[in-house]
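So you can see what is in the structure, the chains are spelled out below.
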Amino acid sequence: MNAILSAEKASLADANVPREQIFAALRAVLPAHALLSSGENTTPYECDGLTAYRQRPMCVVLPETYQQIQDVLRTCHRLGVPVVARGAGTGLSGGAMPHAQGVTLSLAKFNKILKMDVHSRTAVVQCGVRNLAISEAAAPLGLYYAPDPSSQIACTIGGNVAENSGGVHCLKYGLTLHNVLKVKGFTMDGEPIEFGGDALDAPGLDLLPLVVGSEGMLAITLEVTVKLTPKPQLARCIMASFDDLRKAGDAVAAVIAAGIIPAGLEMMDKPMTAAVEDFVHAGYDLNAEAILLCESDGTPEEVEEEIGRMSAVLQSCGATAIAVSKDEAERLKFWSGRKNAFPASGRISPDYMCMDSTIPRKRLADILLAIGEMEKKYGLRCANVFHAGDGNLHPLILFDANDPDQLHRCELFGADILETSVAMGGTVTGEHGVGVEKLNSMCVQFSAAENEQMFGVKRAFDPQGLLNPGKVIPTLQRCAEYGKMLVRGGQIAHPDLPRF
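Attention in this report is confined to the structure presented alongside it. (Residues numbered from 1 in each chain as written. Predicted model: local features only at pLDDT ≥ 70, side-chain atom pairs only at ≥ 80, totals over all residues. Heavy atoms only, no water.)

1. Quick look at the overall build of the chain
Alright, step 1. A tally of regular secondary structure across the chain gives 18 helices and 19 strands.
Alright, step 2. Taking the principal axes of the C-alpha coordinates as reference, the chain spans close to 70 × 60 × 40 Å.
Alright, step 3. If you take every contact in the chain between residues at least 6 apart in sequence, the share linking residues at least 24 apart comes to 73%.
Alright, step 4. In the form shown here, the chain has an accessible surface area of approximately 19,800 Å², with 54% of it arising from carbon and sulfur atoms.
Alright, step 5. Taken as two groups, the 44 positive and 58 negative side-chain charges of the chain have centres that lie 3 Å from each other. (Helix = DSSP H or I, 4+ residues; strand = E, 2+ residues; numbered from the N terminus. Contact = heavy atoms within 4.5 Å. Areas by Shrake-Rupley, 256 points an atom, 1.4 Å probe, with all protein chains shown as cover. Lys, Arg positive; Asp, Glu negative; His and termini not counted. Charge placed at Lys NZ, Arg CZ, Asp CG, Glu CD.)

2. Examining the side chain of glutamate 215
Alright, step 1. Tracing the backbone shows glutamate 215 in the loop between α8 (208-211) and β10 (220-227).
Alright, step 2. Despite its burial, glutamate 215 pairs with no opposite charge; the closest candidate is lysine 438, at 7.5 Å N-O.
Alright, step 3. In this structure the side chain of glutamate 215 is engaged in a polar contact, spanning 2.7 Å, whose partner is the backbone nitrogen of valine 434.
Alright, step 4. Once residues within four sequence positions are removed from consideration, glutamate 215 is found in contact with Ser93, Ala162, Glu163, Gly433, Val434, Gly435, Asn468 and Val472. (Buried < 20%, exposed > 50% of the residue type's maximum accessible area, 1.4 Å probe, protein only. Salt bridge = Lys/Arg side-chain N within 4 Å of Asp/Glu carboxyl O. Polar contact = N/O pair within 3.5 Å; in protein donor to acceptor, adjacent residues only side chain to side chain.)

3. Remarks on the state of the cysteines
Alright, step 1. Taken as a whole and judged by the stated rule, the model has one disulfide.
Alright, step 2. Covalently, cysteine 443 is tied to cysteine 479 through a disulfide, its sulfur atoms 2.2 Å apart. Between cysteine 443 and cysteine 479, the S-S dihedral sits near -85 degrees, and the bridge is therefore left-handed. Of the two residues, cysteine 443 sits in helix α16 (residues 439-445) while cysteine 479 sits in helix α18 (residues 476-489), which places them 36 residues apart along the sequence. With respect to class, cysteine 443 is no different from cysteine 479; both count as buried.
Alright, step 3. For cysteine 294, which is in no disulfide, the shortest distance to another cysteine sulfur is to cysteine 237 and amounts to 7.1 Å.
Alright, step 4. Looking at cysteine 294, the relative accessible area reads 0%, which means it is buried. (Disulfide = S-S within 2.5 Å.)

4. Remarks on the packing of aromatic side chains
Alright, step 1. The full count for this structure, using the stated rule, is five aromatic pairs.
Alright, step 2. Taking 5.6 Å as the distance between ring centres and 20 degrees as the angle between the ring planes, the aromatic pair formed by tyrosine 66 and phenylalanine 110 counts as stacked. Here tyrosine 66, found in helix α4 (residues 66-79), pairs with phenylalanine 110, found in the loop between β4 (103-106) and β5 (113-117); they are 44 residues apart in sequence, far enough to count as distant.
Alright, step 3. According to the relative accessible area criterion, tyrosine 66 is partly exposed, its value standing at 26%.
Alright, step 4. By relative accessible area, which is 3% here, phenylalanine 110 ends up buried. (Phe/Tyr/Trp six-rings, centres within 6.5 Å; stacked < 30°, edge-to-face > 60°.)

5. Here we look at the nonpolar core
Alright, step 1. In this structure, Phe242, Leu292, Leu314 and Phe413 are the most contacted members of the largest nonpolar core, which totals 58 residues.
Alright, step 2. Within the second largest apolar cluster, 28 residues are counted, among which are Leu35, Leu73, Val103 and Leu105. (Core = buried A, V, L, I, M, F, W, Y, C linked by side-chain atoms within 4.5 Å.)

6. Brief notes about the pairing of strand β6 (residues 122-126)
Alright, step 1. The buried count for β6 comes to five of five residues, which makes it a mostly enclosed element.
Alright, step 2. Neither face of β6 is left uncovered, since the one carrying Thr122, Val124 and Gln126 and the one carrying Ala123 and Val125 both have all their residues buried.
Alright, step 3. Judged from the four bridges that link them, β5 and β6 form a sheet pairing that is antiparallel. The residue of β6 that forms the bridge with methionine 116 is alanine 123.
Alright, step 4. The loop that links β5 with its antiparallel partner β6 comprises four residues; one of these, arginine 121, has a positive phi angle of about 55 degrees. (Pairing = 2+ DSSP bridges.)

7. Here we look at the sheet that holds β6
Alright, step 1. Pairing is antiparallel across the open sheet formed by five strands, whose spatial order is β5-β6-β10-β8-β9. The open sheet is flanked by β5 and β9 (192-196), the only strands paired with a single partner. Pairwise comparison of adjacent strand axes, ignoring direction, gives a mean angle of 10 degrees for this sheet.
Alright, step 2. Helix α5 (residues 131-138) contacts β5, β6 and β10 of the sheet and is inclined by roughly 45 degrees relative to β5. (Axes fitted to C-alpha atoms, helices over the stretch in contact; angles between N-to-C directions.)

8. A short note on helix α2 (residues 19-27)
Alright, step 1. Restricting attention to buried positions, one finds in α2 the residues Ile22, Phe23, Ala25 and Leu26. One face of α2 carries all of its buried residues, which in axial projection span an arc of 160 degrees.
Alright, step 2. The inward-facing, buried residues of α2 contact β1 (35-36), β2 (59-61), α4 and β4. (Arc of directions from axis to C-beta.)

9. Quick notes on the layout of surface pockets
Alright, step 1. Of the volumes computed, that of the second largest pocket is approximately 680 Å³.
Alright, step 2. Lining the second largest pocket are 26 residues, with Tyr144, Asp148, His169, Arg331 and Leu332 sitting closest to its centre.
Alright, step 3. Where the lining of the second largest pocket is concerned, the elements lending two or more residues are α5, β7 (143-144), β12 (234-242), β14 (290-298) and α12 (328-339).
Alright, step 4. Examining the composition of the lining of the second largest pocket, we find that six residues originate from one element, α12, more than from any other.
Alright, step 5. Grouping the amino acids of the lining of the second largest pocket by side-chain chemistry returns 12 nonpolar, six polar and eight charged. (1 Å grid on protein atoms, 1.4 Å probe; cavity = no way out; pocket = protein on both sides within 12 Å on 5 of 7 lines; lining within 4 Å. Points joined across faces, edges and corners; volume = space filled by probe spheres on them. Nonpolar A, V, L, I, M, F, W, Y, C, P; charged D, E, K, R; others polar.)

10. Re the pairing of strand β19 (residues 392-399)
On a regular strand, each side chain points to the face opposite its neighbour's, so the side chains alternate between the two faces of the sheet.
Alright, step 1. Of all eight residues in β19, eight are buried; the element is thus mostly enclosed.
Alright, step 2. Because side chains alternate across β19, one face comprises the buried residues Asn392, His394, Leu396 and Leu398, and the other comprises Leu393, Pro395, Ile397 and Phe399, equally buried.
Alright, step 3. Sheet analysis places strand β16 (residues 351-354) next to β19, joined by four bridges and oriented antiparallel. Bridge pairing links aspartate 351 to phenylalanine 399 in β19.

Read these as layout, nothing more, since geometry by itself doesn't imply function.
This is the structure in structure tokens:
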């Protein structure tokens, strides 16, 4: 994959304008301290949470006003310089990885909550506001922001919009898209643009779902109007143990089939349970092959009734043990392990690559068993954690990035997981986005005609292809090269899937 990435970078929007001319143009619209161009200053921006792939940008700009952002965009548009927007850098698909001949546009300084409206249950926030900060500010009003990715303490709402982030409670409360009313920003040429509106419906084409999840390819997000949700009176969590992966997977499908929509429904396999228990001591059953966390929230009466129904379903599916949180402290303790799955994995391996795909709920056990076989095939360990309720997988492949062979096997392992997900009726991403990580797998899921339609949408907003170029949508050349690489290496895992 690294070879393909290098080849693409060399052909993407290379600016013919000398660097010093570009720097001079940017200095004309920015304070001196807001332009970073030395290697020492730009190194911290060379990757996001996907640390396996790195690239120093030509320069980094740190604007402090909307006018400065607009001026930077107009300057880059005029000179034909690529722009990559960056928030907190917590993304896991390389979506914020810089362009070697481009400008990294840091939006970290736009971190103000502009308005909190208890009557409309909305908040207007700048793109650099942390996800958790919205809920903290809304707490005195008895409200909170429902999407809660595991990185919510650090990730920003602008990044959440870019990736359509979810979280452990997205099954009941939805993804970012379902909790956002309006997005304001600039196009690549510096023109103001607005998606959605303050009401539930907006005049004209409904383009809000287009920009949410567009991974910074269509516009620069500056302000977001989010929906706030009333805090439930009570929340309780069931921790259920299973001695068999298939029983646990079937239990997930059975809960949904029973007409129950839990506030959260998460699954961890035995290796992940062991890793997080050693880290946070959440009280997990270390003998279980899989653990389910099922949460109910609402009024005390609603919670009691739903906990009873879910417990009955889990027992009928073969749960070996069921524990229900007695109070809020114990509920948070149950969730502490799931919320710390990623840092816990970092304690047991030099590196890990967190995958992200989605499959039908009824295939959860099938994909886990398949991943177990892949561990033997590629000689690497994998710990698994799932947003089980909506079939969103997060396998964490453990490897050592200092060993090129391990990195190569990790890439093949990850591609195999994604292709297997597609073969089982799923998709190559659930909430982390495509970025650079899943470009090859997009060649498997989508045809040349479908990818061209996506390019058509990008051209409508960014005709020069300057915003976050070389990501999300694979070119015909990339797909052809990827296919040749797999044939040479004998690595085609699913020959029945379409490739072009």
